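Inside the fold
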Amino acid sequence: IKRPADWHKISVEKLIDIAIPNIKDGALIVDYGCGTGGSTIELLKTLDMRGLEVELILIDPLVSWFSKARKILGERDNVHFELSVKTDSSGKKSFRRLEEMLSERKADLIISSSTLHLIPANKIGDLMIQFANSLCEDGILIWDSGDIESDLRPENSALLHDPFRQVR
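These numbers come from a predicted model, not from an experiment.

1. Focus on the overall build of the protein
What the protein contains, in helices and strands, is six helices and seven strands. Ordering the α and β elements of the protein from the N terminus gives α-β-α-β-α-β-β-β-α-β-α-β-α. A total of 168 residues make up the protein; the buried ones form 42% of that total. For the protein, long-range pairs separated by at least 24 residues make up 69% of all intrachain contacts whose partners lie at least 6 apart in sequence.

2. Considering the side chain of S113
Along the chain, the position of S113 falls in strand β6 (residues 107-113). Residue S113 is classed as buried on the basis of its relative accessible area, which comes to 8%. Within polar-contact distance, the side chain of S113 engages the side chain of S39 at 3.3 Å. At 2.7 Å, the side chain of S113 forms a polar contact with the side chain of D144.

3. Considerations on helix α3 (residues 63-73)
Here α3 has its buried residues at F66, A69 and L73. Considered in projection along α3, the buried side chains sweep an arc of 60° and stay on one side of the axis. Exposed residues lying more than 90 degrees from the buried face of α3 are V63, S64 and K71. Residues of α3 that are buried in the fold lie against α2 (38-50), β2 (55-60) and β3 (79-83).

4. Digging into the sheet that holds strand β7 (residues 135-144)
Note on sheets: strands pair through backbone hydrogen bonds, and any given pair is parallel or antiparallel. The five strands are arranged β3-β2-β1-β6-β7 in an open sheet whose pairing can be described as parallel. One side of each edge strand has no neighbouring strand; the edge strands of this open sheet are β3 and β7. For this sheet, the mean angle separating the axes of adjacent strands, direction not counted, is 20°. As paired strands, strand β1 (residues 28-32) and β2 are joined by five bridges and run parallel to one another. The residue bridging Y32 from the neighbouring strand is I59, located in β2. Across the sheet, α3 is in contact with β2 and β3; its angle to β3 comes to roughly 170°.

5. Description of unusual backbone geometry
Among all residues except glycine, the phi angle is most often negative; among peptide bonds, the trans geometry is most common. In this model, S103 sits at a positive phi of 50°, which is unusual for a non-glycine residue. Although it is not a glycine, E104 sits at a positive phi angle of roughly 70°. By the secondary structure assignment, E104 is in the loop between α4 (98-101) and β6.

Cut-off values and rules
Just so you know, the residues in each chain are numbered from 1, in the order the chain's sequence is written. Where totals are concerned, whole chains, interfaces and linings use all residues; where local detail is concerned, this predicted model gives features only for residues with pLDDT of at least 70, and gives and counts side-chain atom pairs only at 80 or more. To get the side-chain values, all heavy atoms of the structure are used, and hydrogens and water are removed first. Helix numbering and strand numbering both begin at the N terminus, where a helix is a DSSP run of H or I of at least 4 residues and a strand a DSSP run of E of at least 2. The cut-offs for exposure are 20% and 50% of the maximum accessible area for each residue type, with area from a 1.4 Å probe on protein chains only; residues under the lower value are buried, those over the upper are exposed, and the others partly exposed. The contact definition used throughout considers only heavy atoms, calling two residues in contact when any of these lie within 4.5 Å. Contacts described as polar in this section are N or O atom pairs within 3.5 Å, which, within protein, must combine one atom able to donate a hydrogen with one able to accept it, while residues neighboring in sequence count only if both atoms come from side chains. Arc definition: it is the arc formed by the directions from the helix axis to the C-beta atoms. At least two DSSP bridges between two strands are required for those strands to pair. Lines are fitted to the C-alpha atoms to define the axes, a helix being fitted only along its stretch in contact, and any angle between axes, read from their N-to-C directions, falls within 0 to 180 degrees.

Dropping the structure here:
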């Protein structure tokens, strides 16, 4: 929490710099693909320093990562968790729609850090429609990824999703 990985810290700092001027007291913010909550933690540090009160909804499909976010942030009254995967009575898993997870409420801001590049190409269009349907009229989406291949990345450094890339 106190020392995030450099690639993540640099990436999230830029996301937060863009987000902060667009956040007002009482805003509803969604962190789509929150993972362990690293981006939310950095955002909350800045919001707390500025005295801004918001409601945060963290969304992720991975229970194992989500449990870490819940352990770190679960005591905060303004942070809520939504698992984006559901299992039907036959055991088949599917993704829940964002509109459903927000109970039709509209978000002022949706952030997504190191997630959108993992969405399959045939699903990204519908996800963008879900984002558009879930944002208030002047709401915004801000996304970043410090977790993509780049010539700027130092040699011998590992990215968060490298194991998944190797498996593919």
